[in-house]
Amino acid sequence: QVQLVESGGGLVQPGGSLRLSCAASGFILSIYAVGWYRQAPGKERELVAAITSGGRANYADPVKGRFTISRDNAKNTVYLQMNSLKPEDTAVYYCNAEYFKNNYWGQGTQVTVSS
């Protein structure tokens, strides 16, 4: 069964850190470009960070210098390390894997940044 499963979300205070995981099953994630997206209530889904199959990373301006995307091909998993979290980072975070016509989404994980 092909699926992506996100985990690692939760409630964290401003300035705190979380690491999100995106684990793939049923396909080889290493050949896919992977993106982390987020969607806050009442807002459109936006791309936060992306990584190519070769390991090249890109970030949206609001998270540059705070978030790091990485991949562990042996574990078939992509991570999003989030540091210095702000209340405006609160959203449901989704991972997406794309390879030519194959495109998969996970179910999302909630991240809430609040004191």
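What you are looking at is a predicted structure, and each value in this text was computed from that prediction instead of being measured. (Residues numbered from 1 in each chain as written. Predicted model: local features only at pLDDT ≥ 70, side-chain atom pairs only at ≥ 80, totals over all residues. Heavy atoms only, no water.)

Trainee: I'd like to hear about the pattern of salt bridges, residue by residue, with values.
Mentor: Under the definition given, this model contains four salt bridges. With its nearest N and O atoms 2.7 Å apart, the salt bridge here joins Glu46 to Arg38. Under the relative-accessibility criterion, Glu46 is labelled partly exposed at 37%. Two residues, Asp89 and Arg66, come together in a salt bridge whose shortest N-O distance is 2.8 Å. (Salt bridge = Lys/Arg side-chain N within 4 Å of Asp/Glu carboxyl O. Buried < 20%, exposed > 50% of the residue type's maximum accessible area, 1.4 Å probe, protein only.)

Trainee: Account for the pairing of strand E8 (residues 77-82), with residues named and values stated.
Mentor: Counting buried residues in E8 gives five out of six residues, a clear majority hidden from the surface. Sheet topology note: the strand E3 (residues 18-25)/E8 ladder contains six bridges and is antiparallel. By the bridge assignment, Ala23 is partnered in E8 with Thr77. As paired strands, strand E7 (residues 67-72) and E8 are joined by six bridges and run antiparallel to one another. The residue bridging Ile69 from the neighbouring strand is Leu80, located in E8. Where E7 folds back on E8, the antiparallel hairpin that results is connected by four residues, among which Asn76 adopts a positive phi of roughly 55°. (Helix = DSSP H or I, 4+ residues; strand = E, 2+ residues; numbered from the N terminus. Pairing = 2+ DSSP bridges.)

Trainee: Before we move on, can you summarise the side chain of Arg66 with the specific residues and values?
Mentor: Note on placement: Arg66 falls in the loop between strand E6 (57-59) and E7. Residues in contact with Arg66, not counting those within four places in the same chain, are Gln81, Met82, Asn83, Ser84, Leu85, Lys86 and Asp89. (Contact = heavy atoms within 4.5 Å.)

Trainee: Please give an account of the packing of aromatic side chains that cites residues and values.
Mentor: Tallied over the entire structure, the rule returns six aromatic pairs. Seen in terms of ring centroids, Phe27 and Tyr104 are 4.8 Å apart; in terms of plane orientation they differ by 45°. Their pairing is tilted. With Phe27 in the loop between E3 and strand E4 (33-39) and Tyr104 in strand E10 (residues 102-105), this pair connects stretches of sequence that are 77 residues apart. With relative accessibility at 23%, the residue Tyr104 sits in the partly exposed group. Feature note: the residues Phe27, Tyr32, Tyr99, Phe100 and Tyr104 constitute an aromatic cluster, connected by ring pairs. Taking NZ or CZ as reference, Arg19 lies 4.1 Å from the ring centre of Tyr79, over its face. If you follow Arg45 out to its NZ or CZ, it ends over the ring of Trp105, 4.7 Å from the centre. (Phe/Tyr/Trp six-rings, centres within 6.5 Å; stacked < 30°, edge-to-face > 60°. Lys NZ or Arg CZ within 6 Å of the ring centre and 35° of its normal.)

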